[in-house]
Amino acid sequence: MTDLTAVDATIAPAVKPATRPARPFFSSGPCAKPPGWDAAKLATESLGRSHRAKIGKTRLAYSIDLMRELLNLPDTHRIGIVPGSDTGAFEMAMWTMLGARPVTTIAWESFGEGWVTDAAKQLKLDPTVIRADYGQLPDLDAVDFSNDVLFTWNGTTSGVRVPNADFIPSDREGLTFADATSAVFAYDIDWAKIDVATFSWQKVLGGEGGHGVLILGPRAVERLETYTPAWPLPKVFRLVSKGKLAEGVFKGETINTPSMLAVEDAIFALEWGKSVGGSAGLIARSDANAAALGKIVAERDWLCHLALDEASRSKTSVCLTVEGADEAFIKAFAALLEKEGAAYDIAGYRDAPAGLRIWCGATVETADIEALGPWLDWAYATVKAAA
């Protein structure tokens, strides 16, 4: 580790590390491609063809089957590919199902706050809001599950996650809506506790943006078939036809035209996921990456986790604080590492406290996390000396 002097002393010039991470892609979205990815390896037979042709439908259905397998998703839950990334999928769920019962929104970071805004200001549902500051988890025991409940499983911008689904009762009256975009393929999810889940390929799979995935449990399907919202729904949100679920959406018949190139890219990532041991293998890789980064943090007194409680600390989007750093310091810190090709896109989210955010999902190699440590030392010493 680079030897740093006391805060008020003169900082000696830092020695640049000799070894860079082989793949310095630590962005929290879009995230690193799977190891071995190459555009030339993608299947292209479906490109230039109608997504409604047999080949298009077959590839879309295959991607859904792969997602079901890797997520260990029971047959009771349906999977649909929808427009608008995770945001589009979650908005679709909110606009089509909310309003039948009172609503509780749980927020501890920016995306959760986004769902609060939509529920309160757009849908005008006067939700009960349970909040916590960045780095903390709200009191989950205070949630009333006679309401429909909206939450983010893994707070991408705060580095805080729910430890598990134990806080959700099996006999709940309302529906649970989980924004799980930085959680799927990285944690075991108790699908019996989740009525609606959404995610996007560009997070833990390292896929391309623009497409969301909507997962519906049987209670969500019942809501869709028995409840009509008071507000009009745009075409891209409509999941019901003549009072019944549009089952084709969950068999690869997408609502609007998908990018088959993005679908093929997702298939590559999903097949790679199978090759490393499926769900268990993906979770193990993320765990190993988070542990390696945790060791780096523990060895440096100027670096700390934003989420102090390890039980609720993210293992994918790990958010860190830097001693004495403001936004300008972090900007210079991240830019220096990007210029050196040592780490890309590691500045914290714009609405979060100033700090670093390092993706530790399964598509990142643990050796690259380990190689990052000395570069963090170098960047810290270099920016500090220039201050």
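Reading the values: the criteria
Residues numbered from 1 in each chain as written. Predicted model: local features only at pLDDT ≥ 70, side-chain atom pairs only at ≥ 80, totals over all residues. Heavy atoms only, no water. Pairing = 2+ DSSP bridges. Helix = DSSP H or I, 4+ residues; strand = E, 2+ residues; numbered from the N terminus. Axes fitted to C-alpha atoms, helices over the stretch in contact; angles between N-to-C directions. Contact = heavy atoms within 4.5 Å. Buried < 20%, exposed > 50% of the residue type's maximum accessible area, 1.4 Å probe, protein only. Polar contact = N/O pair within 3.5 Å; in protein donor to acceptor, adjacent residues only side chain to side chain. pLDDT = per-residue confidence, 0-100. Salt bridge = Lys/Arg side-chain N within 4 Å of Asp/Glu carboxyl O. Phe/Tyr/Trp six-rings, centres within 6.5 Å; stacked < 30°, edge-to-face > 60°. Expected span 1.5 Å × (residues − 1). Arc of directions from axis to C-beta. Patch = residues over 30% accessible without salt bridge, like charges linked within 9 Å, V, L, I, M, F, W, Y side chains within 5 Å. Areas by Shrake-Rupley, 256 points an atom, 1.4 Å probe, with all protein chains shown as cover. Lys, Arg positive; Asp, Glu negative; His and termini not counted. Charge placed at Lys NZ, Arg CZ, Asp CG, Glu CD. Domains from an automatic or database assignment. Nonpolar A, V, L, I, M, F, W, Y, C, P; charged D, E, K, R; others polar.

Participant: Can you lay out the sheet that holds strand 2 (residues 103-107) for me, pointing to particular residues and giving the numbers?
Facilitator: Backbone hydrogen bonds are what pair the strands of a sheet, in a parallel or an antiparallel way. Pairing in this open sheet of seven strands is mixed, and the strands run 1-9-8-7-4-2-3 from one edge to the other. Only two strands of the sheet have a single neighbouring strand rather than two, namely strand 1 (78-83) and strand 3 (128-131). Direction aside, neighbouring strands of the sheet carry axes that sit 20° apart on average. Relative to the sheet, helix 3 (residues 110-122) contacts strand 2, strand 3, strand 4 (148-152) and strand 7 (176-179), its axis offset from that of strand 2 by approximately 155°.

Participant: Just give me the short version of the side chain of N154, but keep the residues and values in it.
Facilitator: Within the secondary structure, N154 sits in strand 5 (residues 154-155). You can call N154 buried: its relative accessible area is 3%. Side-chain polar atoms of N154 contact the side chain of T316, separated by 3.4 Å.

Participant: A description of the sheet that holds strand 12 (residues 303-305) should follow, citing residues and the corresponding values.
Facilitator: Pairing is antiparallel across the open sheet formed by three strands, whose spatial order is 12-13-14. Looking along the sheet, the strands with just one partner apiece sit at the ends: strand 12 and strand 14 (356-359). Pairwise comparison of adjacent strand axes, ignoring direction, gives a mean angle of 35° for this sheet. Note that strand 13 (residues 317-322) and strand 14 share four bridges and pair antiparallel. Paired with L320 across the two strands is L356, which belongs to strand 14. Here helix 6 (residues 278-298) sits on the sheet in contact with strand 12, strand 13 and strand 14, set at roughly 135° to strand 12.

Participant: Kindly report on the confidence of the model for the protein, identifying the contributing residues and their values.
Facilitator: Confidence in the prediction of the protein, expressed as mean pLDDT, is 95, and 97% of residues score 70 or more. When the criterion is pLDDT under 50, residues 1-11 qualifies, and its contacts beyond four places in sequence or with other chains add up to 20 contacts.

Participant: Can you break down the pattern of salt bridges residue by residue, with the values?
Facilitator: Enumeration over the complete set of coordinates arrives at 17 salt bridges. Between K33 and E208 there is a salt bridge; the shortest N-O distance is 2.6 Å. You can see K33 sitting in the segment before helix 1 (54-71) and its partner E208 sitting in the loop between strand 8 (196-200) and strand 9 (211-216), a full 175 residues away along the chain. Taking the relative accessible area as the measure of exposure, K33 reaches 16% and is therefore buried. According to the relative accessible area criterion, E208 is partly exposed, its value standing at 37%. A salt bridge links E247 to R78; its shortest N-O distance comes to 2.8 Å. On the criterion of sequence distance, the pair formed by E247 in the loop between strand 11 (244-245) and helix 5 (260-275) and R78 in strand 1 is long-range, its members being 169 residues apart. On the basis of relative accessible area, E247 is assigned to the partly exposed category, the value being 30%. What you see here is one network of salt bridges that share partners, running through K295, E299, R300 and D377.

Participant: Run through the packing of aromatic side chains, naming residues and quoting values.
Facilitator: Inspection of the entire model under this criterion finds 14 aromatic pairs. With a centroid separation of 5.7 Å and an interplanar angle of 85°, the aromatic rings of F185 and F199 are classed as edge-to-face. Within this pair, whereas F185 is found in the loop between strand 7 and strand 8, its partner F199 is found in strand 8, the two being separated by 14 residues in sequence. No difference in accessibility class separates F185 from F199, as the two residues are buried. Members of the aromatic cluster, joined through ring pairs, are F145, F151, W153 and F167.

Participant: Would you mind going over helix 1 in detail, with residue names and values included?
Facilitator: Structurally, the α-helix is built with 3.6 residues per turn, so residues lying three or four positions apart point the same way. Taking 1.5 Å of rise per residue, the 18 residues of helix 1 would be expected to cover 26 Å, and the 26 Å separating its terminal C-alpha atoms lies within 8% of that figure. Along helix 1, the residues classified as buried are G56, L60, S63, I64, L66, M67, L70 and L71. For helix 1, the arc enclosing every buried residue in end-on projection is 160°, short of the 170-degree limit, so these residues lie on one face. Close packing links the buried residues of helix 1 with strand 1, strand 8, strand 9, helix 5 and helix 6.

Participant: How would you summarise a positive patch on the surface if you had to cite specific residues and measurements?
Facilitator: A contiguous patch of positive charge on the surface is contributed by R52, K57, K235 and R238. Along the chain, R238 turns up in the loop between helix 4 (218-226) and strand 10 (240-241). The exposure class of R238 is partly exposed, given its relative accessible area of 47%.

Participant: If you had to explain the domain arrangement of the protein to someone new, which residues and values would you point to?
Facilitator: Once the domains are mapped, the protein shows domain 1 (46-273) and domain 2 (278-386). Its C-alpha centre places domain 1 at a distance of 28 Å from the equivalent point of domain 2. Of the residues lining the interface, 27 residues belong to domain 1; the matching set on domain 2 comes to 25 residues. Linking domain 1 with domain 2 are zero salt bridges. The interface formed by domain 1 and domain 2 includes 11 residue pairs in polar contact (both at pLDDT 80 or more). Elements with a minimum of two residues in the side of domain 1 that touches domain 2: helix 3, strand 5, strand 6 (160-161) and helix 5. Of the residues belonging to the side of domain 1 that touches domain 2, the class tally is 12 nonpolar, 12 polar and three charged.

Participant: I'd like to hear about the side chain of D195, residue by residue, with values.
Facilitator: Within the element layout of this structure, D195 appears in the loop between strand 7 and strand 8. D195 sits in the buried class, given a relative accessible area of 3%. A polar contact is formed between the side chain of D195 and the side chain of R172, at a distance of 3.1 Å. The contact partners of D195, leaving out residues within four places of it in the chain, are R172, G174, L175, T176, I215, L216, G217, R219 and A220.

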